[in-house]
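Chain by chain, the residues:
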Amino acid sequence: MKPWIRKTVLSSLISLWLFNLPVHALSIYTEESPPGSFITPDGKLSGISVEIVRMIQKELGDISPIQLVLWKDGYYKLETQPDTMLFSTTRTPEREKLFHWVGPLFEVQWLLIAQKSAGLKINSLEDAKKLTKIGTYHDDAREKFLIRSGFKNLYSVKKAKQLPMLLHRGRIDAFVSTNLGVSNIWSKFYFAKNPSDIFETIFTFKTYSLYMAFSKTTNPKIINNWQRAFDKLLKQGEIKQIRDKWFNKTTRPD
């Protein structure tokens, strides 16, 4: 083993011992959901949430790998497996008692997006119920919220990136997104120079914070150490630096 590798491994083991954490104690999962977490063109995992999680891992000496999975698979593991963490997870009242929470990572707004040419005017969720079809991401917190709110006009898809194309083709009247997630859709909407000339936000219906969610059966020492490390890095201003970097380069929709 090369000296620098041996030194890195030894440092991680010492940090784990100091925080009373066993090596690979935690299973960490995330989904591809820019700008929180996504795969770069050169195949690397990046994003605002990924950077914050890795910063905490460095602080703790935790070397658990971050595994990219489908949201439904990660959520199932979070519900059923001990010592499991899933990010970025929306902290809703319905989920509050299901998991342990560390964070928040950042805040998002839930939006309804439509084509500008449609001239839709939505002033309430009751107005939105009158639309023919609203595109949603399958099993997402926003979809579940709308279902609980009595929506019968949802068109669920397994990949969020399908939604703007469905809207452009007139298959749906609007779709659900976030103020951060939709900016990534804009950047990838390849046939339009300025997608904001085509689409617009017609309604903002919720504001939530995204967290690192830990399974209910996770070792309490793990949760305490992650929250303690998060609080320390927040106080030092390092988490703010990451947030500012990503928010400053993210164009929010109109």
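Conventions adopted
The residue numbering used here restarts from 1 in each chain and proceeds along that chain's sequence as written. With the structure being a predicted model, the display of local features is reserved for residues of pLDDT at least 70 and the display and counting of side-chain atom pairs for 80 or more, all residues being used for whole-chain, interface and lining totals. Calculated side-chain values reflect all of the structure's heavy atoms, with hydrogen atoms and water omitted. Secondary structure follows DSSP: runs of H or I at least 4 residues long count as helices, runs of E at least 2 residues long count as strands, and numbering of each begins at the N terminus. For each residue, the accessible area found with a 1.4 Å probe, counting protein chains only, is set against the maximum for its type, and the residue is called buried under 20%, exposed over 50%, and partly exposed in between. By definition in these notes, contact holds between two residues if any of their heavy atoms fall within 4.5 Å. Methods summary: accessible areas were calculated by the Shrake-Rupley approach with a probe of 1.4 Å, and residue burial reflects only the protein chains presented. The span one expects for a helix is its residue count, reduced by one, times 1.5 Å. What the arc describes is the spread of directions from the helix axis to the C-beta atoms. Axes, fitted as lines to C-alpha atoms, cover a helix only where it is in contact. Angles between the N-to-C directions of the axes lie from 0 to 180 degrees. An angle below 35 degrees is treated as roughly parallel, one above 145 as roughly antiparallel, one from 65 to 115 as roughly perpendicular, and anything else as oblique. Rotating anticlockwise by less than a right angle from the far helix to the near helix defines a left-handed crossing, while the corresponding clockwise rotation defines a right-handed one. When residues are sorted by character, Ala, Val, Leu, Ile, Met, Phe, Trp, Tyr, Cys and Pro go into the nonpolar class, Asp, Glu, Lys and Arg into the charged class, and all the rest, Gly among them, into the polar class. The working definition used for a salt bridge is a side-chain nitrogen of Lys or Arg within 4 Å of a carboxyl oxygen of Asp or Glu. Nitrogen and oxygen atoms within 3.5 Å of one another constitute a polar contact, given that in protein one can donate a hydrogen and the other can accept it, and given that sequence-neighbouring residues count only through two side-chain atoms. The predictor attaches a confidence to each residue, and that confidence, scored 0 to 100, is pLDDT. For two strands to pair, DSSP has to find at least two bridges joining them. Working definition of a nonpolar core: buried Ala, Val, Leu, Ile, Met, Phe, Trp, Tyr and Cys residues. They are joined through side-chain atoms within 4.5 Å.

A. Structural detail: the overall build of the protein chain. Of the regular secondary structure elements, the protein chain holds 9 helices and 10 strands. Counting across all 254 residues of the protein chain, residues that qualify as buried make up 49%. The long-range share in the protein chain, meaning contacts at least 24 apart out of those at least 6 apart in sequence, stands at 72%. Total accessible area on the protein chain is roughly 13500 Å²; 53% of this is exposed by carbon and sulfur atoms.

B. Quick peek at helix H2 (residues 48-60). For H2, with 13 residues, the first-to-last C-alpha span of 19 Å sits near the 18 Å given by 1.5 Å per residue. Positive backbone phi, approximately 75 degrees, marks glycine 61, located one or two places after H2.

C. How the structure looks around helix H9 (residues 238-248). Residues of H9 that are buried: Ile239, Ile242, Arg243 and Trp246. Taken down its axis, H9 places every buried residue within 95 degrees of arc, on the same side. Those residues of H9 that are exposed and aimed more than 90 degrees away from the buried face are Gln241 and Asn248. Buried-residue contacts for H9 involve strand E2 (38-39), strand E3 (45-46), H2, strand E6 (99-115) and helix H8 (220-235).

D. Broad picture of the packing of H2 against H9. Look at H2 against H9: their axes get within 10 Å of each other, and the N-to-C directions meet at 165 degrees. In terms of orientation, H2 and H9 fall into the roughly antiparallel class. In terms of crossing hand, the pair formed by H2 and H9 is right-handed. In this structure, H2 uses Ile48, Glu51, Ile52 and Met55 to contact H9, whose residues at the interface are Glu238, Ile239, Ile242, Arg243, Lys245, Trp246 and Phe247. Broken down by class, the residue content of the contact of H2 with H9 amounts to 7 nonpolar, no polar and 4 charged.

E. The arrangement of the pattern of salt bridges in detail. Overall, the coordinates contain 10 salt bridges when judged by the stated rule. Across the pair lysine 232 and glutamate 59 runs a salt bridge whose closest N-O atoms are separated by 2.7 Å. Pair noted here: lysine 232 is in helix H8 and glutamate 59 is in helix H2, with a separation of 173 residues, a long-range link. Given a relative accessible area of 39%, lysine 232 falls into the partly exposed group.

F. Layout of the environment of glutamate 94. Along the chain, the position of glutamate 94 falls in the loop between strand E5 (84-90) and E6. By relative accessible area, which is 41% here, glutamate 94 ends up partly exposed. For the pair glutamate 94 and alanine 141, spaced 47 residues apart in sequence, the C-alpha separation works out to 9.8 Å.

G. Expanded view of the side chain of threonine 136. In this structure, threonine 136 sits in strand E7 (residues 134-137). Residue threonine 136 is classed as buried on the basis of its relative accessible area of 1%. Among the polar contacts made by the side chain of threonine 136, one reaches the side chain of glutamate 143 at a distance of 2.7 Å.

H. Region of interest: the confidence of the model for the protein chain. Per-residue pLDDT for the protein chain has a mean of 86; in total, 82% of the residues score no lower than 70. Per-element mean pLDDT across the protein chain ranges from 51 in helix H1 (residues 3-18) up to 98 in strand E1 (residues 27-30). Here residues 250-254 is a poorly scored stretch, pLDDT under 50, and it has 14 contacts once near neighbours within four places are set aside; other chains count.

I. Representation of the sheet that holds E5 within the structure. Read from one edge to the other, the open sheet built from 8 strands follows the order E4-E1-E5-E10-E6-E9-E7-E8, with strand pairing classed as mixed. Across the chains shown, the open sheet's two edge strands, defined by having one partner strand only, are strand E4 (66-68) and strand E8 (154-157). In this sheet, neighbouring strand axes are inclined to one another by 30 degrees on average, regardless of whether the strands run parallel or antiparallel. Of the strand pairs in this sheet, E6 and strand E10 (residues 199-215) are connected by 14 bridges, and their pairing is antiparallel. Counterpart to histidine 100 in the pairing with E10 is phenylalanine 214. Together, E1, E4, E5, E6 and E10 form the strand contacts of H2, whose direction differs from that of E5 by roughly 145 degrees.

J. Representation of the nonpolar core in the model. Counting 49 residues, the largest nonpolar core has Ile56, Met85, Phe87, Met212, Phe214 and Trp226 as the members making the most contacts within it. Those elements that place two or more of their residues in this core are H2, E5, E6, helix H5 (141-148), strand E9 (174-178), E10, H8 and H9. Residues Trp71, Leu86, Tyr211 and Ala213 belong to the second largest nonpolar core, which totals 10 residues.

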